[in-house]
Amino acid sequence: MQAFSIPSDSMQNTLQRGDRVLVDKLTPWFGGEPDRGEVVVFHDPDNWLAGEPTPESNVVQDFLSFIGLMPSSKEKDLIKRTIAVGGDTVECAKGGPVKVNGKALDEPYIFPGNSACDDKPFGPFKVPEGKIWVMGDHRQNSWDSRYHTEDATKGFVPVKDVVGRAVVVAWPINRWATLPVPDTFDQPGIGAAAALAPGALGVAGALPLVLWRRRRLTGGRTAG
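Residues numbered from 1 in each chain as written. Predicted model: local features only at pLDDT ≥ 70, side-chain atom pairs only at ≥ 80, totals over all residues. Heavy atoms only, no water.

Caption draft 1: Seen up close, the overall build of the protein chain. Secondary structure summary: the protein chain contains four helices and twelve strands in total. Looking at the 224 residues of the protein chain, the share that counts as buried comes to 43%. The contacts in the protein chain between residues at least 6 apart in sequence include a share of 72% that link residues at least 24 apart. With an accessible surface of roughly 11,500 Å², the protein chain has 58% of that area assigned to carbon and sulfur atoms. (Helix = DSSP H or I, 4+ residues; strand = E, 2+ residues; numbered from the N terminus. Buried < 20%, exposed > 50% of the residue type's maximum accessible area, 1.4 Å probe, protein only. Contact = heavy atoms within 4.5 Å. Areas by Shrake-Rupley, 256 points an atom, 1.4 Å probe, with all protein chains shown as cover.)

This is the structure in structure tokens:
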């Protein structure tokens, strides 16, 4: 686990500016990839944070960074929700919901008063293998995949740039909560495209572990 500090309002109300989250960095080391609905931390894929100031470091952060409990203040990382993964088709028309593989998402975690994508409709886009499509929960205050479709990455985040999944809000104490995958990503048929992808059968043996881990995480507050 590594602690990350939330620097902006782009994930409200799920995460507030100044929250500290614990990120599971172990699963990616063993080849695990982000799943739909997970909140993930990732390295800036293509100057998404251009112009943003680098925070000043201090002795405590430098020490925690040295022993691996916090990232370096010089690293530029972002935190967003994974909406679609490799092989998925994702889209959102003005006035409508986000759709993944034709399935409309009910998104209770979106910041109150926000629309799903009215500020920046998009798609349909097919997510390349090895990439993910990410969006902030505060849709009208998030410079996410929608705003980078003209970049070299076309708005997609390479899986290799994902640091890990945020699993717990650890600080402040009065905001302690787990960050489970919302039920909308478990609806039947949403993973139809991915299920047909080559190698899908090869991960079948890992399914019981994934389901057990998800059940554990859903014991806390639903994100958003």
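Next, the rest of the story.
Caption draft 2: Local environment of the state of the cysteines. In this structure the tally under the stated criterion is one disulfide. The disulfide partner of Cys 92 is Cys 117, and the S-S distance across this bridge is 2.1 Å. Taking the torsion about the sulfur-sulfur bond, which here is approximately -90°, the covalent link between Cys 92 and Cys 117 counts as left-handed. You can see Cys 92 sitting in strand 5 (residues 89–92) and its partner Cys 117 sitting in the loop between strand 7 (103–104) and strand 8 (122–126), a full 25 residues away along the chain. By the burial criterion, Cys 92 is buried, and Cys 117 matches it. (Disulfide = S-S within 2.5 Å.)

Caption draft 3: Local environment of the nonpolar core. In this structure, Ile 83, Val 90, Val 98, Val 100, Leu 105, Phe 122 and Trp 133 are the most contacted members of the largest nonpolar core, which totals 19 residues. Look past the residues within four positions of Val 90 in its chain and what remains in contact with it is Ile 83, Ala 84, Val 98, Lys 99, Val 100, Phe 122, Gly 123, Pro 124, Phe 125, Val 127 and Trp 133. Core analysis: the second largest hydrophobic core is formed by 13 residues, Phe 4, Leu 15, Ile 79 and Ala 166 among them. (Core = buried A, V, L, I, M, F, W, Y, C linked by side-chain atoms within 4.5 Å.)

Caption draft 4: Representation of the packing of aromatic side chains. Evaluated as defined, the whole model comprises seven aromatic pairs. For the ring pair Tyr 109 and Phe 185, a centre distance of 6.4 Å and an interplane angle of 15° mean the geometry is stacked. With Tyr 109 in the loop between strand 7 and strand 8 and Phe 185 in the loop between strand 12 (177–178) and helix 3 (192–195), the pair connects residues that are 76 residues apart, well separated along the chain. As far as burial versus exposure is concerned, Tyr 109 and Phe 185 are alike and both buried. Aromatic pair Phe 122 and Phe 125: ring centres 6.4 Å apart, planes at 15°, arrangement stacked. In this structure, Arg 81 is placed above the aromatic ring of Tyr 109, and the distance from its NZ or CZ to the ring centre is 4.1 Å. (Phe/Tyr/Trp six-rings, centres within 6.5 Å; stacked < 30°, edge-to-face > 60°. Lys NZ or Arg CZ within 6 Å of the ring centre and 35° of its normal.)

Nothing here speaks to function; it is geometry throughout.
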